[in-house]
Amino acid sequence: MALDKSFKPGEVETRQYERWEKSGAFAAGGQRGNARPYTVVIPPPNVTGSLHIGHALNNSLQDILIRFERMRGRDTLWQPGTDHAGIATQMVVERQLEAQGIRREELGREAFIDRVWKWKAESGGTIIRQLRRLGASADWARERFTMDDGLSEAVRRVFVTLHKQGLIYRDKRLVNWDPRLHTAISDLEVELRETKGHLWHIKYPIQGLPNCHIVVATTRPETMLGDTAVAVHPDDERYKELIAKFVVLPLVGRRIPIVADEHADPEAGSGAVKITPAHDFNDFEVGKRHKLEVINIFDADAKLNENVPEPYRGMDRFEGRKKVVADLEAQGLLDKIADHVLAVPYGDRSGVVIEPWLTDQWYVDAKKLSVAAVEAVERGETVFVPRQWEKTFFEWMRNIQPWCISRQIWWGHQIPAWYGPDGQVFVETTEAEAKAQAKAFYGKETQLTRETDVLDTWFSSALWPFSTLGWPAETPELERYYPTDTLVTSFDIIFFWVARMMMMGLHFLGQVPFKHVYIHPLVRDEKGQKMSKSKGNVIDPLEFIDKYGADALRFTLAAMAAQGREIKLSAQRVEGYRNFATKVWNAAKFCDINYCTVPAQFDPASVRLTVNKWIVGELAKASLAVTQALEAFKFDQAASAIYQFTWGTFCDWYIEFIKPTLTAGEAGARAETRAAAGWVLGQILHLLHPIMPFLSEELWERMGGSGLLLVGRWPDCATLTPDAEAVAEMDWVVRLITNVRAVRSEMNVPAAAKVPMVLRGATKTSVRRLDVHRDEIQRLARVEPISQEPADARVPTGSAQIVHDEAVLVLPLAGVVDIEAERKRLQKELDRVSGEIAGIERKLANADFVARAPEHVVAEQQERKEAAIAARGKLNEALQRIAAYA
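Everything in this summary refers to the structure shown in the same document.

What counts, and at which threshold
Residues numbered from 1 in each chain as written. Predicted model: local features only at pLDDT ≥ 70, side-chain atom pairs only at ≥ 80, totals over all residues. Heavy atoms only, no water. Helix = DSSP H or I, 4+ residues; strand = E, 2+ residues; numbered from the N terminus. Contact = heavy atoms within 4.5 Å. Areas by Shrake-Rupley, 256 points an atom, 1.4 Å probe, with all protein chains shown as cover. Lys, Arg positive; Asp, Glu negative; His and termini not counted. Charge placed at Lys NZ, Arg CZ, Asp CG, Glu CD. Pairing = 2+ DSSP bridges. Axes fitted to C-alpha atoms, helices over the stretch in contact; angles between N-to-C directions. Phe/Tyr/Trp six-rings, centres within 6.5 Å; stacked < 30°, edge-to-face > 60°. Buried < 20%, exposed > 50% of the residue type's maximum accessible area, 1.4 Å probe, protein only. Lys NZ or Arg CZ within 6 Å of the ring centre and 35° of its normal. Salt bridge = Lys/Arg side-chain N within 4 Å of Asp/Glu carboxyl O. Core = buried A, V, L, I, M, F, W, Y, C linked by side-chain atoms within 4.5 Å. Polar contact = N/O pair within 3.5 Å; in protein donor to acceptor, adjacent residues only side chain to side chain. Parallel < 35°, antiparallel > 145°, perpendicular 65-115°, else oblique. Left-handed = near helix turned anticlockwise from the far one by under 90°. Nonpolar A, V, L, I, M, F, W, Y, C, P; charged D, E, K, R; others polar.

Examining the overall build of the protein
At step 1: A count of helical and extended segments in the protein gives 29 helices and 29 strands.
At step 2: Overall size of the protein, expressed as C-alpha extent along the three principal axes, is 105 × 65 × 55 Å.
At step 3: A separation threshold of at least 6 residues defines the contact pool for the protein, and within that pool the share at least 24 residues apart is 77%.
At step 4: By element, 49% of the accessible surface of the protein is carried by carbon and sulfur atoms, the whole surface being about 39,300 Å².
At step 5: Where the 112 positive side-chain charges of the protein centre and where its 120 negative ones centre are 3 Å apart.

Below you can see the structure in the form of structure tokens.
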């Protein structure tokens, strides 16, 4: 099938994806049921979501691994699905209802949940469709949803089991409370915003010491109404005599103690801090250590409640702040007000300031469950890549707090708990079981009330690796595909998701849920800044796919996914890899036009021509490099290896070398070269397929490849030992041409000009290589005539000299270029670059600049400096060569 003039991703992608899906090759099991399994579970995106650039990176890398292992013959399962996203989904449906003038409460819980299911059926598949556009080859027939029947059964089983084991319990603790949504939220749903605020310094009168005060500083003066202590550091000499004394809480009149606690920092402010256990997480821990009274001064709307003096009751917290400050000032108890920049917690969904609030919630004893997870990573049963993230994992796990798993919303897994009339709780998987338990407890049939809270979305997500495989039933899939092989995720959910999956997997199945956890980089804009709507720098991956094709985006993300480094993404990079796709397409067109097909019995190890021996050996090296890189999750190195071989070795060199042979060579040489070129191109398409599946599959089909490349055999070139003599010879030719081209470029030799070249002091081997490859060297280096001379021959004035192994290449340039003018031009450029380096170094040495400038600006300066230093090195080399001209 003849190739079109250019690669058109928009036309190819839909057609090839339909071919893949119809083939059934995405499915696990089947004809590969006896092969070694390889399993990846997708981090389930929110059912409300649409594809963002983080999804694009995460799923591209997963698909690369799945396609790689599928081609290696493994029985691959890429388990897809979506998360019910409790708060996000509820808000979407509530907004729809509000547009119709309906409030959720008017509908009632059951009717509202029915509306959510209806919305899910109509609009919940957006991100799955978008993942298909990216090329994701997941087993879509096995798609799961965290609220489907099977997963819901798993959730109930886990909750009831953990409760009976004493690992789930109810407690009154501080939570992140959203006053608009009226629910607890996780730390991940809290967005810290840098805000210009104030630090109010308040004088607390010391009881029994007239006119004596201790000054505390706070960013939230309204919370002082709930203070139950003042803390000072036990080693702070200023306050040692005050420890165990009392202060009188301003505006309230309550006597509260001065306690010694290391939470107080002697270097911060006055060194004394107010303690409000009901409204600050650190203060809550101080309160527990000193058995302080815990006074909740806010209601669910974050309004001041009955526990504050009457004048403040019913006031919004920020209105209350103004009145508290005014009243303190009126009483002469406001020492000073200082400007202060602080991080204020906002709900990422509601957009309101989050309140640490004391309330009854359900908790998991994460401390006990964490022990096995920590030990598993210590033993190497689960390995983090890069390994540095294991340290982060250990730090989080060894300082773990009880996990709040209840949410005060309607959409989600309703907690399987029922209350008797006296508040006694009965936790069972069904209401019938709870009633039976209640009858046994009370001795009679008793009316029970169902818990209205639902579970944190992360609770059901924690079961994902085994609930999706059918647990709690003992399914064949669970036995075959658990534990999974690789989890691909981002660092920000190591604690929220990765750790919790490990806890649950180890507790309920006795095995870690995955053997490797690959932590991928963050994607930022081209300046290194975090993407946000307010900055206007959000990158839409679908726009890139529309403009450049999915393959170009996938290759860009893979090429930039260096372990431990952030990705600075730009349209220019994606465009550059679109150009790479074009290069591959044009190489295939060249092979097609020149009848480069592979005979059935072709053996690449049997080629005779040096150039063909060389390319087969180089292909073997590239294949090994790509394979080893993917095995080590070094996606950037895999992309680099196939890019360098394809664009550089194959397109820029091999194709140029073989053109004369294909057009006018001897019949046997031409036949061998056609077969070798066709074979190497086919291997390139195999190596490219995991990263650029659409382009590679299209070319494979157009060029008559057998079957789908999707299930093609991964290149195994272990038996193809590179021919050392051929490699050395062709390397000699490539370096010679490259060096001559470099000098021509440095010296501004006109492109059309052919200059003489003399090889001085060469060995017999070099002379032989020159004679054999004279035509290629003359054509590609644009040198003519070529001659040889002994090492002591006189060098013409104005000649460029290039050391090439034991020999010297002499290019007489007198009359072609003005040597002195070129020396001055290069020196001027060197002076400019050196000045730029000095300017950047002065800026980076300025501590004030480094402290004040945004992180991405400092990073840009570093990059500019590195680029300038590299340029300076090349200019110095060029000037040294000019200095050597006779």
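More follows now that the structure is in view.
Some points on the sheet that holds strand β12 (residues 272–275)
At step 1: Read across the sheet, 4 strands follow the order β10-β11-β9-β12 without closing on themselves; strand pairing throughout is mixed. Of all the strands in the sheet, the pair left with one neighbour each is β10 (246–248) and β12. Neighbour-to-neighbour, the strand axes of this sheet turn through a mean angle of 30°, independent of strand direction.
At step 2: In terms of strand pairing, strand β9 (residues 229–232) meets β12 through 4 bridges, oriented antiparallel. Across the sheet, Val 232 pairs through a bridge with Ala 272, a residue of β12.

What about the packing of aromatic side chains?
For any pair of aromatic rings, the description rests on two quantities: the centre-to-centre distance and the angle between the ring planes.
At step 1: Counted according to the given criterion, the structure contains 38 aromatic pairs.
At step 2: Note on Trp 471 and Phe 508: the rings are 5.6 Å apart at their centroids and 65° apart in plane angle, and the pair reads as edge-to-face. Placement of the pair is Trp 471 in the loop between α14 (464–467) and α15 (476–481) and Phe 508 in helix α16 (residues 494–509), with a sequence separation of 37 residues.
At step 3: Exposure remark for Phe 508: the relative accessible area of 18% places this residue in the buried category.
At step 4: Centre to centre, the rings of Tyr 577 and Tyr 643 are 5.7 Å apart; their planes meet at 80°, and the pair counts as edge-to-face. You can see Tyr 577 sitting in helix α19 (residues 571–593) and its partner Tyr 643 sitting in helix α21 (residues 635–664), a full 66 residues away along the chain.
At step 5: A relative accessible area of 23% means that Tyr 643 is categorised as partly exposed.
At step 6: In textbook terms, an aromatic cluster arises when at least three aromatic residues are bridged by ring pairs, as seen for Phe 555, Tyr 577, Phe 580, Tyr 643 and Trp 647.
At step 7: Positioned over the ring face of Trp 403 is Arg 500, at 4.0 Å from the centre of the ring.

Quick word on the pattern of salt bridges
Proximity of charged atoms lets side chains of opposite charge pair with each other.
At step 1: Throughout the structure, instances matching the rule amount to 62 salt bridges.
At step 2: For the salt bridge of Lys 172 with Asp 360, the shortest nitrogen-to-oxygen distance reads 3.3 Å. One end of the pair, Lys 172, is in strand β5 (residues 168–178); the other, Asp 360, is in strand β14 (residues 355–364), and 188 residues separate them in sequence.
At step 3: Taking relative accessible area as the criterion, Asp 360 reaches 37% and is therefore assigned partly exposed.
At step 4: The salt bridge involving Glu 378 is made with Arg 398; its shortest N-O contact spans 2.5 Å. Within this pair, whereas Glu 378 is found in helix α10 (residues 366–378), its partner Arg 398 is found in helix α11 (residues 388–398), the two being separated by 20 residues in sequence.
At step 5: Among the residues examined, Arg 398 registers a relative accessible area of 44% and is labelled partly exposed.

Focus: the nonpolar core
At step 1: By size, the foremost hydrophobic cluster in this structure holds 209 residues, and its most contacted members are Phe 459, Trp 614, Phe 650 and Ile 777.
At step 2: The element contributing the most residues to this core is α21, with 14 residues.
At step 3: For Ile 777, the contacting residues outside a window of four places in its chain are Trp 732, Val 733, Leu 736, Ile 737, Met 757, Leu 770, Arg 782, Val 783 and Ile 786.
At step 4: Within the second largest apolar cluster, 36 residues are counted, among which are Met 224, Leu 225, Ile 258 and Val 324.

Focus on the sheet that holds strand β19 (residues 425–427)
Pairing between the strands of a sheet is mediated by backbone hydrogen bonds and can be parallel or antiparallel.
At step 1: Overall, antiparallel pairing links the 3 strands, which are arranged β19-β18-β20 in an open sheet. Strands at the two margins of the open sheet, each flanked by one partner only, are β19 and β20 (449–450).
At step 2: For strand β18 (residues 417–419) and β19, the ladder comprises 3 bridges, and the chain directions are antiparallel. Across the sheet, the residue bridging to Ala 417 is Val 427, located in β19.
At step 3: Relative to the sheet, helix α12 (residues 431–442) contacts β18 and β19, its axis offset from that of β19 by approximately 135°.

A short note on the side chain of Thr 484
At step 1: Mapped onto the fold, Thr 484 is located in strand β22 (residues 484–490).
At step 2: Taking the relative accessible area as the measure of exposure, Thr 484 reaches 0% and is therefore buried.
At step 3: A polar contact of 2.6 Å, which involves the side chain of Thr 484, links it to the backbone oxygen of Pro 513.
At step 4: When neighbours within four sequence positions are excluded, Thr 484 is seen to be in contact with Thr 39, Val 41, Pro 513, Phe 514 and Lys 515.

What to know about the packing of α10 against α11
At step 1: Where α10 contacts α11, the two axes come as close as 10 Å, and the packing angle between them is 160°. As the angle between them shows, α10 and α11 are arranged roughly antiparallel. The way α10 lies across α11 gives a crossing that is left-handed. Contacts between α10 and α11 involve Lys 367, Ser 370, Ala 373, Val 374, Val 377 and Glu 378 from the first element and Glu 390, Phe 393, Phe 394, Met 397 and Arg 398 from the second.
At step 2: Taken together, the residues of the contact of α10 with α11 break down into 6 nonpolar, 1 polar and 4 charged.

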